[in-house]
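Structural characterization, general
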Amino acid sequence: MTASRPSRRAPLLKICAALVFVFIYLPVVVLIAYSFNRDGVGGFPPRHVTLDWYRQLFADGAIWDAVLNSLIVAAASVLLALTLGLLAALALDRADFPGKALFRRLVLLPLILPGIITGLSLLMFAVFAGLHLSLLTVFLGHGTALISVATTELFAGLQKMDRAQEEASLDLGATPWQTFWRITLPNLKLSLIAAALLIFTLSMDEIAVSFFLIGRDNTLPLEIWGRLRRGITPEINAISTLIFAVSVALIMVWYRVRTRGLGSEPQEVLERP
Amino acid sequence: MYSRAYKTMVSLPPLLWVGLFLLLPYALMFAHSFWVVRDGLLVHQWNLQNYHRLVTNPLYVQVLLRTMRIAASVTVLSLLLGYPLAYYLSFHAGARKELLYQLVIVPLWVSYLVRGYAWKTILGSDGVLNGFLQYLHLTQQPVGFLLYSPFAVIVMLTHIYTPFVFLPIYAALEHIPRPLIEASQDLGASPRATFLRVILPLSMPGLLAGATFAFVLSLGDFLAPLLVGGPSGTMIANIVQSLFGAAYDWPLGAAVSVCILLITIALLFLTERLEKRWSFK
């Protein structure tokens, strides 16, 4: 393989790749840099480093209320999507029922459909069912839409699982219930953690569906959205930088979990929408 | 090996939930598109009026065409950026492969909204890019056309979807058996021929998956136009949004949504077939 041509040095390609990285990272770098800029967002180069925007941010009650709301919605969505996603994955893996193919496609639909369609459909449903728009409807939207992510991830986990253990457990007289808790669930641990992290982050960031289901209390992205319409302030850079830092921390947790072995590949969910 | 009761236990809750909170809402969307609003009230009267209004109104057709153009540009640009990057990582990155791969993933976790906002601050007339250009004395006046234009929408969406296009292409490239490439070279094919006749066809399923994803999600995007698009960057989903909001014509909005949905499903169906064809070759 030493002389094979594709691994020859290719300076042009390297430059291309570097430029793509610049393009991908430019906004992130700008965002972080200007969160420390006294004179606000814009102009070049940024002068006068300051932490004022962070100070202002920490004193900003509305933002932290929104953060709390987002955390509640995300945590509840993880519980809902994980529970139903696990059942759906088990059903797809082990049961046969009429409309199974349709069910599989339907569950995955929110992942590939533009958020506006799922969001508006759920809005019509809320009006139809007489539900008041609130964090509860946002949770309903996130939880339901993200069943897709849980199902994909857990189905992949089930497919990789060794069936012999479950068979042995059942043969040796354990009830299906005991087998589920003692064999199936522990075997899926890594997939469950990966799915939970992914659902949590996606829910924290979600805006297209929430946009139509939000009541009086804002989630963080919608609070930021509201502020953006009033004008640009480095406070938004500051909160974004913090979100970025938390996201990176979460990814590191994920990779730690994954590299401990057996975990499903992180790209699977993204690859197969 | 699993009892009937077990199967029912695991199937029933997700079936009911998905039926109630996903199938019913989508069905409601579909039903609305055949209803009308009269004197500010929704009338459950089945007809094709909305679809008729949709195809005869040049504004909607024009915006739909613009949306398709923008989505196509985003798709092509994301491929042009994502493919070389994936190719470089898969064949040339050597030991740094894993690190670089993770570096592509990281920005995926930065909120969509936040990245859009960042582009707004970069492209604005008193933004970072204009400040930079004036700092270098390349321009005296701020360049105005950068923000609030279809161009800005394309830049922002390309930025968002390049990693999504990269991922499946990279996975496809990684799955190409290396002996195939060596065989091609040993048998005297030029690097160009090896790429065009071995690597590219074998990476086609990944390329298609990425392209579909970028196109479909750009097609239904309404936030990028609101953030950076301005009036000339309005897209079809913005029309839906205004029909559901200020204009208060849910049935017409639903009809436009159904059109987006149909285009999406048709595309998914098409690429699925294409992917199958390529992967059997």
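Residues numbered from 1 in each chain as written. Chains lettered and ligands numbered in written order. Predicted model: local features only at pLDDT ≥ 70, side-chain atom pairs only at ≥ 80, totals over all residues.

**Description of the overall build of chain A**
Convention followed: In this text, helices come from DSSP runs of H or I with a minimum length of four residues, and strands from runs of E with a minimum of two, each type numbered from the N-terminal end. Between the buried cut of 20 or more and the exposed cut of 12 or fewer other C-beta atoms within 10 Å of a residue's own C-beta lies the partly exposed class, and all C-beta atoms are placed from the backbone. Residues are scored as being in contact if the C-beta atoms we place from backbone atoms lie within 7 Å.
Helix and strand counts for chain A come out as 14 helices and 0 strands. Reading chain A from its N terminus to its C terminus gives the helix and strand order α-α-α-α-α-α-α-α-α-α-α-α-α-α. Dimensions of chain A, computed from C-alpha atoms along their principal axes, come out at roughly 70 × 70 × 30 Å. Counting the 273 residues in chain A, one finds 45% classified as buried. Considering only intrachain contacts with a sequence separation of at least 6, the fraction spanning at least 24 residues in chain A is 79%.

**Quick look at the overall build of chain B**
This is how it is decided: Computation of the radius of gyration draws on C-alpha atoms alone. For the globule rule, the value is 2.2 Å times the number of residues to the power 0.38.
Counting secondary structure elements, chain B contains 12 helices and 2 strands. Taken from N to C terminus, the helices and strands of chain B fall in the order α-β-β-α-α-α-α-α-α-α-α-α-α-α. On C-alpha atoms alone, chain B measures out to a radius of gyration of 23 Å, which is more than a quarter above the 19 Å that the 2.2 N^0.38 rule sets for 281 residues. Residue burial in chain B is summarised as follows: out of 281 residues, 48% are buried. Within chain B, contacts between residues separated by at least 24 positions form 72% of all contacts whose residues are at least 6 apart in sequence.

**Some remarks on the interface of chain A and chain B**
Selection rule: Three residue categories are used. Nonpolar comprises Ala, Val, Leu, Ile, Met, Phe, Trp, Tyr, Cys and Pro, charged comprises Asp, Glu, Lys and Arg, and polar comprises the others, including Gly.
Between chain A and chain B, the contact holds 73 residues from the first and 81 residues from the second. The leading source of residues in the side of chain A that touches chain B is helix 1 (residues 11–34) of chain A, at 14 residues. Split into classes, the residues belonging to the side of chain A that touches chain B amount to 57 nonpolar, 10 polar and 6 charged.

**Details of the confidence of the model for chain A**
Residue and element names in this part refer to chain A. For clarity, the threshold we go by: Every residue is assigned a pLDDT by the predictor, reflecting its confidence on a scale from 0 to 100.
Scored by pLDDT, chain A comes out at a mean of 86, with 91% of its residues at no less than 70. Confidence scores differ between elements of chain A, with helix 14 (residues 267–271) showing the lowest mean pLDDT of 44 and helix 6 (residues 135–145) the highest of 96. Contacts of residues 1–7 to residues separated by more than four positions or lying in other chains number 11 contacts, the stretch itself having pLDDT below 50. Contacts of residues 262–273 to residues separated by more than four positions or lying in other chains number 31 contacts, the stretch itself having pLDDT below 50.

**As for helix 4 (residues 100–112) of chain A**
Threshold: By definition here, a helix of n residues has an expected span of 1.5 Å times n minus one.
Here helix 4 of chain A contains 13 residues, and its C-alpha end-to-end distance of 19 Å stays within 8% of the 18 Å for a straight helix at 1.5 Å per residue. Residues of helix 4 of chain A that are buried include every one of Phe103(A), Val107(A), Leu109(A), Pro110(A) and Leu111(A), and no others. Buried-residue contacts for helix 4 of chain A involve helix 3 (61–94), helix 5 (115–129), helix 6 and helix 7 (147–160) of chain A together with helix 1 (4–32) of chain B.

**What about unusual backbone geometry?**
All names here are of chain B. Here the phi dihedral of His-137 falls at roughly 60 degrees; this positive angle occurs in a residue that is not glycine. For His-137, the position within the fold is in the loop between helix 6 (128–135) and helix 7 (150–174). One non-glycine residue, Tyr-248, adopts positive backbone phi at about 45 degrees. Considering the arrangement of structural elements, one finds Tyr-248 in the loop between helix 11 (236–244) and helix 12 (250–280).

**A look at the environment of Val104(B)**
Inspection of the secondary structure puts Val104(B) in helix 4 (residues 97–105). Remark: the alpha-carbon pair of Val104(B) and Leu81(B), spanning 23 residues in sequence, is separated by 12 Å.

**A look at helix 9 (residues 191–219) of chain B**
Short version of the rule: A residue's bend is simply the angle between two axes: one fitted to the seven residues ending at it, one to the seven starting at it.
Taking 1.5 Å as the rise per residue, helix 9 of chain B with 29 residues should run 42 Å; its terminal C-alpha atoms sit only 36 Å apart, a clear shortfall. Bending of helix 9 of chain B peaks at approximately 50 degrees at the position of Met204(B), with proline Pro205(B) no more than four residues after it.

**What to know about the packing of helix 4 of chain A against helix 7 of chain A**
Residues and elements named next belong to chain A. The following threshold applies: Whenever a helix is involved, its axis is fitted only over the stretch in contact; in every case the axis is a line through C-alpha atoms, and angles between N-to-C directions fall within 0 to 180 degrees. Throughout, a crossing is termed right-handed when the near helix is turned clockwise from the far one, and left-handed when it is turned anticlockwise from it by less than a right angle.
Packing of helix 4 against helix 7 leaves a shortest axis separation of 8 Å and a crossing angle of 115 degrees. Classified by chirality, the crossing of helix 7 by helix 4 is left-handed. The residues of helix 7 that touch helix 4, namely those facing Val-107, Leu-108, Pro-110 and Leu-111, are Ile-147, Ser-148, Val-149 and Thr-151. The residue inventory of the contact of helix 4 with helix 7, partitioned by class, reads 6 nonpolar, 2 polar and no charged.

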